[in-house]
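Take a look at the letters that make up each chain.
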Amino acid sequence: MTSNDRFEQIYEQYRNNGEVEAKDQEFVSIDQSKESIIAVRKNDDGDLIAFKTNAGRELDYITALQEAKDGKLAHVDVFHKYGRDILRSEPDGIKENNLDQMPSF
């Protein structure tokens, strides 16, 4: 199984199961001194399924979501929508640092 297949499988499990519980807060802000996401991987539908950090780690969607909730990732928020938690970039008005606009890995 390639890493892309693994990332897609984990993302599909997340999307279908909705097992990730929401935090009590609607948004979770992250300190800028933490590890940052610098690249993303998307599936054929354009959904974000994996993330690469400035430390070189490759995180599947569930791991990145949990690390964001735990305050380990900078410049991202977690919010609850569609019955599950969703990872997104902090709304700062800068289009270039949006997760959807980042380079692929």
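It should be emphasised that the depicted structure is a prediction, and the values quoted were computed from it without experimental measurement.

Definitions and cut-offs
In this convention, every chain numbers its residues from 1, walking through the sequence in written order. Local features are withheld for residues below a pLDDT of 70 in this predicted model, meaning they are given only at 70 or higher, and side-chain atom pairs are given and counted only at 80 or more; totals for whole chains, interfaces and linings count all residues. Processing note: side-chain calculations cover all non-hydrogen atoms of the structure and skip hydrogens and water entirely. Helix and strand definitions follow DSSP, with helices as H or I runs of at least four residues and strands as E runs of at least two, each counted in order from the N terminus. Remark: exposure states derive from per-residue accessible area (1.4 Å probe, protein chains only) relative to the maximum for the residue type, with buried under 20%, exposed over 50%, and partly exposed in between. The contact criterion used throughout is that any non-hydrogen atoms of two residues lie within 4.5 Å. The accessible surface values rely on the Shrake-Rupley method and a 1.4 Å probe; as for residues, cover is taken only from the protein chains in view. Two strands qualify as a pair provided DSSP detects at least 2 bridges between them. N or O atoms closer than or at 3.5 Å make up a polar contact, with two conditions inside protein: a donor-capable atom paired with an acceptor-capable one, and, for residues adjacent in sequence, both atoms drawn from side chains. Note on method: axes are straight lines fitted to C-alpha atoms, helices fitted across the in-contact stretch only, with angles between N-to-C directions ranging 0 to 180 degrees.

## Comments concerning the overall build of the chain
Scanning the chain from terminus to terminus reveals 2 helices and 6 strands. Taking all 105 residues of the chain together, the buried fraction comes to 39%. Within the chain, contacts between residues separated by at least 24 positions form 56% of all contacts whose residues are at least 6 apart in sequence. Within the structure as shown, the chain displays about 6,200 Å² of accessible surface, and the carbon and sulfur contribution to it stands at 41%.

## Points about the pairing of strand 6 (residues 84-89)
Summarising burial for strand 6: 5 of the 6 residues are buried, a large majority. Strand direction decides the pairing type here: strand 5 (residues 76-81) and strand 6, joined by 6 bridges, are antiparallel. Paired with histidine 80 across the bridge in strand 6 is aspartate 85. Counted along the chain from strand 5 to the antiparallel partner strand 6, the turn is 2 residues long, and its residue tyrosine 82 has a positive phi close to 60 degrees.

## A look at helix 2 (residues 61-69)
All of the buried residues in helix 2 are Tyr61, Ala64, Leu65, Glu67, Ala68 and Lys69. Residues of helix 2 that are buried sit in contact with helix 1 (3-17), strand 2 (48-53), strand 3 (58-60), strand 4 (73-74), strand 5 and strand 6. A distance of 3.0 Å separates the backbone nitrogen of isoleucine 62 from a side-chain oxygen at the start of helix 2, and that oxygen is part of aspartate 60.

## What to know about the side chain of aspartate 60
Along the chain, the position of aspartate 60 falls in strand 3. At 3.0 Å, the side chain of aspartate 60 forms a polar contact with the backbone nitrogen of isoleucine 62. Reaching out from aspartate 60, the side chain makes a polar contact with the backbone nitrogen of threonine 63 at a distance of 2.8 Å. Not counting residues up to four positions away in its chain, the partners in contact with aspartate 60 are Arg6, Phe7, Ile10, Ile49, Ala50 and Phe51.

## Focus on the sheet that holds strand 4
The strand order across the open sheet built from 4 strands is 3-2-1-4, with neighbouring strands paired in mixed fashion. A strand with exactly one partner marks an edge of an open sheet, and here the two such strands are strand 3 and strand 4. This element, helix 2, spans strand 2, strand 3 and strand 4 of the sheet and lies at about 95 degrees to strand 3.

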